[in-house]
Amino acid sequence: MTVHPARIRRASLLSVGELDRARVLDTLVNNLDGMAYRCRHDETWRMIFVSQGCQSLTGYGPSALVQNAVISWEDITHPLDRSRVRAQIDEAVHNGQRFTVEYRITTQAGVIKWVHERGIAVHDEQGELVIEGFIEDITAQREMVQAQKEAELRYRNIFEHASEGIFQTTPEGRYLAANPALARLYGYPSPAALMSGLDDIGRQLYVKSSQRERFRQLMDQHGEVLNFESEVYRADGTRLWISENAHIVRDADGRVLYYEGTVQDISERRRHQEELERQANHDMLTGLPNRILLADRVEQAIARADRLGYYLAVVFIDLDNFKFINDSLGHGAGDELLKAIATRLQHCVRGTDTVARLGGDEFVLLLSDHFRASTVISQLKRVLAEIGQPVMLSGREFHVGASLGVAMYPADGDNSDALLKHADTAMYAAKNSGRNTFQFFTRELNRVADERLNIEAALRHAIERDALEVHYQPKVDHRRRVVGVEALARWVHPEYGLISPDRFIPIAEETGLIMPLTTAVLRRAFSAARAWNQLSPTPLRIAVNLSARLFLGGDIVAHVAGLLQEAQLSPGLVEIEITETVFMGDSEQVVGTLRDFKDLGVQLAMDDFGTGYSSLSYLRRFPLDIIKIDRSLVTGIEHEEEVAMIARAVISLGQSLRKTVVAEGVENPAQFDFLRFQGCHEFQGYLLSRPLREHEITALLRAGGVLAAPTPRPSSGFAPLG
Ligand code: C2E
Ligand code: MG
Ligand code: MG
C-alpha cells in the first residue's frame, strides 16, 4: 500500500472538507507502520518531512533527520547498498517513474534492518523536485522468506539427491515431478525425459496393468499406500521390482491435488526372496520340484482327478546302477546323469503332469488326466525308453535303466503320503523283478515290502552266525566230464524258507553286507575246492561270483589272495565271475584291478554275457579269459533262429578272441547238442546238474566225475524264488 502524502492531502480535501488538513494528515501518516517522508533529490537525501514512524524504524526521532539535523538518510543507508539505492532512484526519477527498492539501514542502536522503500519524484508546492515515499521495515519478512528459501533448498536437495525415487503424479497417472533417482531407476537420462516419456503410468509402467487400478483404489480407500510392490518396465523394456509408499496431497478444501510418494528398487530382495522360495520348493541340482512341492501338487492333482473323474498315477522312479556310477565315476558324473535324466523325464510328461526329485536317484512322476490304466502304461514305456537312451559321462557312453513303481488314485490311496509310500513299494517290486521295468502297487506288494525289511535284518543275522550255505553247480566239457563248479550262495530263512540269491545279493549290496557275505562264501568254496583237488588227479576249477560293488573300494585282490592263502588253494584253480556292471566304473581303475587278479594267477570270467549293452567292447578292452553266455541266449536256441544266430555269433567271437566260452542254463539235450556243435567249450545247466551240496559233489567226483543224463535231482529242493 503506497501512501503519498500529497495524494492523501488531496483525498482528504475532497472527502472531509472543512477538517484540519494538517491534523488528518498527521494522524494518518503517523499511525502507519513505517516512515513517510519527503526529501530532496540530493547527495544526502535531505529530509523535508519525516513521519513519526521514523522513530521505531531507525531509532532517531523525526527532528534528528529533518534537514539532516543529526544524521542524513544517506548515512543511515547501509554503505554497501548506497550506490545501488541511488542508481535505482535516479533512474526512476529520470524516467518519471515510481520506484521500489530494498536495502539495509543501520539504526541508531547499530542494528541492521532491511527496509522496503516506495516512492516517486514530484514537484512540491514551490515547483521544486522532491521525492515522496514510504519506507517500511521488512526485516522479519525477509528473514521468513530467507528461512523458507533455505528450507526449500534443503528439501530440493533431498529431492535431487535422494537415493529413493520421489514423484508427484496426477491421479490419472501423469507425472508432475520426478527426481533424478526415479529417472535412473526407470532408465531415463533425466527427470524431464521420464516425465515426457511416461505419460500414462497405468499402461506404460506396470507389467500388470491392473496394478495402477489397485494403487488408485488403495489411495481412495486409505489416502495412502505402504510398501506397494509391483513389477515395472524400465525405459528399455527390462523389468524391475519396486516398492512404493505414497499419499494423497489435498488442498485446503480437501480436493485432491496430486499423489506424492517414493519408489524403492526391491529387485534384489525379490530375487533373494524368490530364490529362497525356489530353494525351499525345488531340488537345487535339477531345478525340479522337491518333496515339499510334490506333496502339494499331489493334493492338487487329487482334487483335479476328483473333479474330472480321471485317474491319477504316482510313479516312483529309481535309477538302476546309479549308486555304482556315482561311487565309481565321482559325484560330478552322478550329477550330470541326474540332470540328464531330469530333462528326459520332463520330455515324457504333459503340461498338467509333474516331475519331482526326492533326492538321490529317486524321481517321482505325477501323471494326471488318464482315464484308462492302459494309457498310463504306454506313458511308462516311453519313460523307460527315454531313460534307457545312452548317456555320455566323462566321455564315455552309459546305459542306465530304471525301476518304476506306480500307485493309482483312487484305488491305492487317497492322500499324498499313502500314494507315495505305495508307489515306493511298487518300485522295489520292479527292482526285484529284474530292473528296467515297472510294477503297479497291489496289496500283495505291500506285504512284500514289509517282508523285505525283515529279510534285511535276518540276512545280517545269518551272515554273523555263518548260517549261509554254498551250493556248487558243475560245469562240464563236451564229453560231460566235470571240469569245474560254480559256487552259489544259498540262504534258508527261518520263516520264508529258501531265498534266491537274486533277491538277497542286492540287499546285501545295498546294506553293506556284501563283503562279509562274499568272504563267507569264498572261505567255504576255497576250502571245498582244496579238498576236491586232493581227491582227484584231474584239476577241478572253482568259480566264484564277485559283486561289482566289491570293485569300488578296498583292495579286493588282496582280500581274495588272503583267502586263497588261508585255504591253501592254488590261484590257478580259481575263476572269478564278474558282471558287466563292473565295467561301468572308472575303466583305468577296473583294468588295474583285473590285471592284479591276473597277476595273482586266477582266471576271469565275464558272467551273464549278452544281457548288457556294450559287451563286445568290454571283451576287447579287459583281460578276460572266459565268457559265460547268459541263459537268455540259450533258452530257445533250439527253435528260434534269431536266438541261435546270436549264440552262434557270440561263440565264434569268443573263439576268435581266444576265450573259453561257457554256456549257462542248458536245460535240454537239443540246446546241449546245438552249443556243442557250435564249438562251445563248457556247459552248465539243469540238464547236466542243478547246484549240489558239497558232499554231493564229493560223491560225484568219487564216481568218476562224469555227468551222464539223466540229471541228478537237487538234494536241497531249491527252486529260484521270483
Ligand atoms: P549266475 O552267476 O549267472 O549263476 C547262475 C544262476 O543260474 C544260478 O542261479 C543257477 O542256479 C541258475 N541256473 C543254472 N543252471 C540253470 C538252468 O538250467 N536253468 C535255470 N533256469 N537256471 C539255472 P542262482 O543260484 O539263483 O544265482 C543267481 C545269481 O545270484 C547268480 O547268477 C549270481 O549272479 C548271483 N550269486 C549267487 N551266489 C553269489 C555269490 O556268492 N556272490 C555274488 N556276488 N553273487 C552270487
Ligand atoms: Mg555266476
Ligand atoms: Mg550267469
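What counts and how
Residues numbered from 1 in each chain as written. Chains lettered and ligands numbered in written order. Predicted model: local features only at pLDDT ≥ 70, side-chain atom pairs only at ≥ 80, totals over all residues. Heavy atoms only, no water. Domains from an automatic or database assignment. 1 Å grid on protein atoms, 1.4 Å probe; cavity = no way out; pocket = protein on both sides within 12 Å on 5 of 7 lines; lining within 4 Å. Points joined across faces, edges and corners; volume = space filled by probe spheres on them. Helix = DSSP H or I, 4+ residues; strand = E, 2+ residues; numbered from the N terminus. Nonpolar A, V, L, I, M, F, W, Y, C, P; charged D, E, K, R; others polar. Buried < 20%, exposed > 50% of the residue type's maximum accessible area, 1.4 Å probe, protein only. Donors = N, O, S within 2.8 Å, 3.2 Å for Na, K, Ca; no water.

Q: Which residues make up the domain arrangement of the chain, and what values go with them?
A: Per the domain assignment, the segments making up the chain are domain 1 (15-137), domain 2 (157-270), domain 3 (282-441) and domain 4 (458-702). Placing the centre of domain 2 and that of domain 3 at their C-alpha centroids yields a distance of 48 Å.

Q: Just give me the short version of the layout of surface pockets, but keep the residues and values in it.
A: Taken as a whole, the second largest pocket spans an internal volume of roughly 280 Å³. Counting residues per element, the ones that place at least two in the lining of the second largest pocket are helix H7 (139-161), strand E6 (165-169) and strand E10 (256-265). Of the residues forming the lining of the second largest pocket, the biggest block, five residues, is contributed by H7. Its residues placed into classes, the lining of the second largest pocket shows six nonpolar, four polar and three charged.

Q: Please provide a residue-by-residue account of the environment of Gly512, values included.
A: For Gly512, the position within the fold is in the loop between helix H19 (501-511) and helix H20 (514-535). Residue classification places Gly512 among the exposed positions, given a relative accessible area of 52%.

Q: Which residues make up the coordination of the magnesium ion (ligand 2), and what are the values?
A: The magnesium ion (ligand 2) binds to the protein through Glu486 (OE), Asn545 (OD1), Glu577 (OE) and Asp607 (OD); the donor distances cover 2.0 to 2.2 Å. Each donor residue of the magnesium ion (ligand 2) belongs to the same chain, and together they define the spacing E-x58-N-x31-E-x29-D. What makes Asn545 partly exposed here is its relative accessible area of 29%.

Q: With reference to specific residues and values, describe the coordination of the magnesium ion (ligand 3).
A: Surrounding the magnesium ion (ligand 3) are the protein donor atoms Asp607 (OD), Asp608 (OD), Glu664 (OE) and Glu664 (OE), at 2.0 to 2.5 Å. Considered as a linear motif, the donors of the magnesium ion (ligand 3) on their single chain read D-D-x55-E. In this structure, the magnesium ion (ligand 3) lies 4.2 Å from the magnesium ion (ligand 2), and both are coordinated by Asp607. Of the residues examined, Asp607 reaches a relative accessible area of 6% and is grouped as buried. Residue class for Asp608 comes out partly exposed when judged on its relative accessible area of 27%.

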